[in-house]
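Secondary and tertiary structure notes
If you want the building blocks of each chain, they are given just below.
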Amino acid sequence: MSDAIFPVPAQWAANALVDSTGYEAKYRRSIADPDGFWREEAQRIDWIEDFDTVRDTSFDRDDFRIRWFEGGKLNIAANCLDRHLAARGDDVAIIWEPDDPADAGRKITYRQLHDDVCKFANALKAHGVAKGDRVTLYLPMVPEAAIAMLACARIGAVHSVVFAGFSPDALAGRIKDCQSRIVITADQGLRGGKTIPLKANVDAALEKLSAQEVAVDTVIMLRRTGADVPMVAGRDVDWADAVSGQGADCLPEIMDAEDPLFILYTSGSTGQPKGVLHTTGGYAVWTAMTHHYVFDYRPGQVYWCAADVGWVTGHSYVVYAPLMNGATTVMFEGVPNFPDFSRFWQVIDKYQVEIFYAAPTALRSLMREGDKYVTRTSRRSLRLLGTVGEPINPEAWQWYHRVVGEMRCPIVDTWWQTETGGAMITPLPGATALKPGSATLPMFGVQPALVDNDGVELEGPAEGALIIKDSWPGQMRTVYGDHDRFFQTYFTTFPGVYFTGDGCRRDQDGYYWITGRIDDVINVSGHRMGTAEVESALVSHPQVAEAAVVGMPHDVKGQGIYAYVTPMEGIEAGEELRAELVKWVRKEIGPIATPDIVQFAPGLPKTRSGKIMRRILRKIAENDTTNLGDISTLADPGVVDDLLAGRPGPK
Ligand code: 6R9
């Protein structure tokens, strides 16, 4: 933890949308008079019909419901496009920077984007997609990803974006869970000069599904690289053919505030990924508002959120919120280290980016290459920096602040989750003195609290489990197809409040410091991975009897994946199997789930009731083996010695 405090720069305090007095007054009002506060904030959205009630929410079991802006009718795609046409139709909505800087990028105006979205929306309709249907998107970071999302929203279809780094199996599971009969993809993705066989992955996923009698009848494929890919007659359609002849007008579907907008799968501590479902009205108000205040966004500014649309940050802060706010949003197809470690900063100079928002893991990977890749670029256009996805260590924060932002740019460290839709605990650049490593203070309308293991609320400076006491408009509404799981996952550990899954400390100034997940979720490079998912991938290998997975500290990724594996009887636990298992997990889930360490273990530390004692596995993975705590309840305490002896690397 760091004690440094960075006051709000005078110029920011004087010119920002919200200063510190403004923050306090607005925050107080948002809690004391939520109806009045949200009624006003909702005016930033164009409603086709005004809502009747602002909110109707309860986290209690007998009375459980989360509804915002009921009776209101709107279309979020129209809020992103149509309403800007008169005043700023010729402004650039999306700047697209391709993987290879030598290739031509694209600048798409609001008018062009409107037309492209309408054409694709009409194409979807022509393929039988109607309001409420689920559409799976498996696309690279190209403008067509945003176009496809907005086209779904325009006709009331529910998109489910699957990150293009996921394997065919992971894709198949997500298609099956939400029963979508149409998939939108590209021939190949392109990242860091390497191609990703997206269409081939879709083919493999659909083959797997057809064996399970799940039928996908339409695949629309964008040609990104022009690779020669097989097309299945009657099923596969070229994007260009799908839109050719379609009109550039498509009446936006009139959606209820609580109609579903999208599903996004995320890892939890148990079972398969959950389909987090967001609805229309609350999500629109929440993301547009948080984007406006957190980034102090003013029309005309070039804004770049470097997240992929496959994650919630890409949904909320690459596509929906910036476009609702009439922003120029940069979409970047590439990676931070290609062609070299200056890429981020070159793109910033190229488009005169003023606001830059990225994950700590990317910053750490660049920091270790030295300052020269940064300092040889100008970055004069930058005014504000942001981070999201995982705790940022104070060293990386200081580097971002000093080297990248040359001490003049505040850093907004925004804590939030797929489930929360948008930023929940975050500084406002004109209002909040910063402490490196702290996400600072709650956003308007958010009531965080810390509780102990018994659910007793802790006052003042304290450390405990982070909960949110009351609903906010951008809250997820359900787990798709499993409302009971929604309630069980988030509202039963501590009855009556929303449990985030994170641990947190609050200091004497009321600042929040997220300490990381306290459930069985690990955060690898800002991406959530359920240990259970990696375990189930490992045990599906024919030579594996048992597996247990925990997180371990990792300099760049934040956390790495440490897997303990017990092979089947008679199987040799050697380098060959190790390499094979790493490959296996990559194939089963995707490269983001690649285990960093596989330790073969003749036995796992289990209690007499058969429960794996993860605490011990975590300690060994952290190389903190001096105090393993009480191991007397283990069925066979001897396994601990075997585990310590079998730990790879320096002891
Ligand atoms: C937006 C996003 C959510 C989990 C969350 C927490 C971690 C996100 C953070 C942060 C510390 C921050 N997290 N932002 N931890 N400081 N600023 O990342 O959503 O992929 O669902 O992950 O990420 O552990 O619970 P998601």
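First, a word on scope: everything that follows refers to the structure included in this document. Values in this document were obtained by computation on a predicted structure and should not be read as measured data.

It is worth spelling out the packing of helix H7 (residues 143–155) against helix H12 (residues 312–324) at this point. As a packed pair, H7 and H12 sit with axes 11 Å apart at the nearest point and diverge in direction by 60 degrees. Accordingly, the angle class assigned to the pair H7 and H12 is oblique. Where H7 crosses over H12, the two elements pack in a sense that is right-handed. Residue-level contacts link Ala146, Met149, Leu150 and Ala153 of H7 to His315, Val319, Tyr320 and Leu323 of H12.

Moving on, we get to the side chain of Lys274. Here Lys274 lies in strand E15 (residues 274–279). No salt bridge is formed by the buried Lys274; the nearest opposite charge belongs to Glu419, separated by 4.9 Å. In this structure, Lys274 is in contact with Leu264, Tyr265, Thr266, Ser267, Gly268, Val479, Arg485, Thr489 and Tyr490, ignoring residues within four places of it in sequence.

Look at helix H19 (residues 575–588): 20 Å from first C-alpha to last across 14 residues, which is about the 20 Å you get at 1.5 Å a residue. Taken as a whole, H19 has its buried residues at Leu577, Leu581, Trp584, Val585 and Glu588. Take H19 and look down its axis: the buried residues cluster within an arc of 95 degrees, on one side only. Exposed residues lying more than 90 degrees from the buried face of H19 are Glu575, Glu576 and Lys583. Along its buried surface, H19 packs onto helix H8 (168–178), helix H18 (531–539), strand E29 (544–554), strand E30 (558–567) and strand E31 (597–600).

Computed from the structure, the second largest pocket encloses a volume of approximately 500 Å³. Taken together, 24 residues make up the lining of the second largest pocket; nearest its centre are Asp169, Ala170, Gly173, Gln272 and Pro273. Top contributing element to the lining of the second largest pocket by residue count: H8, with 7 residues. Split into classes, the residues belonging to the lining of the second largest pocket amount to 9 nonpolar, 5 polar and 10 charged.

So, on to the sheet that holds strand E11 (residues 218–222). Taken in spatial order, the 8 strands of this open sheet run E12-E11-E8-E6-E7-E14-E15-E24, and their pairing is mixed. The sheet is open, and its two edges are formed by strand E12 (236–238) and strand E24 (478–479), each paired on a single side. One ladder, built from 3 bridges, connects E11 with E12; its direction is parallel. Residue pairing in the sheet places Met221 in a bridge with Asp238 of E12. Against the sheet, helix H9 (residues 198–211) engages strand E6 (134–138), strand E8 (182–186), E11 and E12, with an angle of about 155 degrees to E8.

If you check the shell around the ligand, you find 17 residues, and the closest are Asp413, Thr414, Thr418, Asp502 and Arg528. At 3.3 Å from a nitrogen atom of the ligand is found a main-chain nitrogen or oxygen belonging to Pro391. For the ligand, whose accessible area on its own is 540 Å², the fraction buried by protein is 96%. Sorting the residues of the shell around the ligand by element identifies H12, strand E20 (411–414) and strand E26 (512–517) as the ones contributing at least two each. Its residues placed into classes, the shell around the ligand shows 6 nonpolar, 6 polar and 5 charged.

Thresholds, definitions, all that
Residues numbered from 1 in each chain as written. Predicted model: local features only at pLDDT ≥ 70, side-chain atom pairs only at ≥ 80, totals over all residues. Heavy atoms only, no water. Axes fitted to C-alpha atoms, helices over the stretch in contact; angles between N-to-C directions. Helix = DSSP H or I, 4+ residues; strand = E, 2+ residues; numbered from the N terminus. Parallel < 35°, antiparallel > 145°, perpendicular 65-115°, else oblique. Left-handed = near helix turned anticlockwise from the far one by under 90°. Contact = heavy atoms within 4.5 Å. Buried < 20%, exposed > 50% of the residue type's maximum accessible area, 1.4 Å probe, protein only. Lys, Arg positive; Asp, Glu negative; His and termini not counted. Salt bridge = Lys/Arg side-chain N within 4 Å of Asp/Glu carboxyl O. Expected span 1.5 Å × (residues − 1). Arc of directions from axis to C-beta. 1 Å grid on protein atoms, 1.4 Å probe; cavity = no way out; pocket = protein on both sides within 12 Å on 5 of 7 lines; lining within 4 Å. Points joined across faces, edges and corners; volume = space filled by probe spheres on them. Nonpolar A, V, L, I, M, F, W, Y, C, P; charged D, E, K, R; others polar. Pairing = 2+ DSSP bridges. Near = heavy atom within 4 Å. Polar contact = N/O pair within 3.5 Å; in protein donor to acceptor, adjacent residues only side chain to side chain. Areas by Shrake-Rupley, 256 points an atom, 1.4 Å probe, with all protein chains shown as cover.

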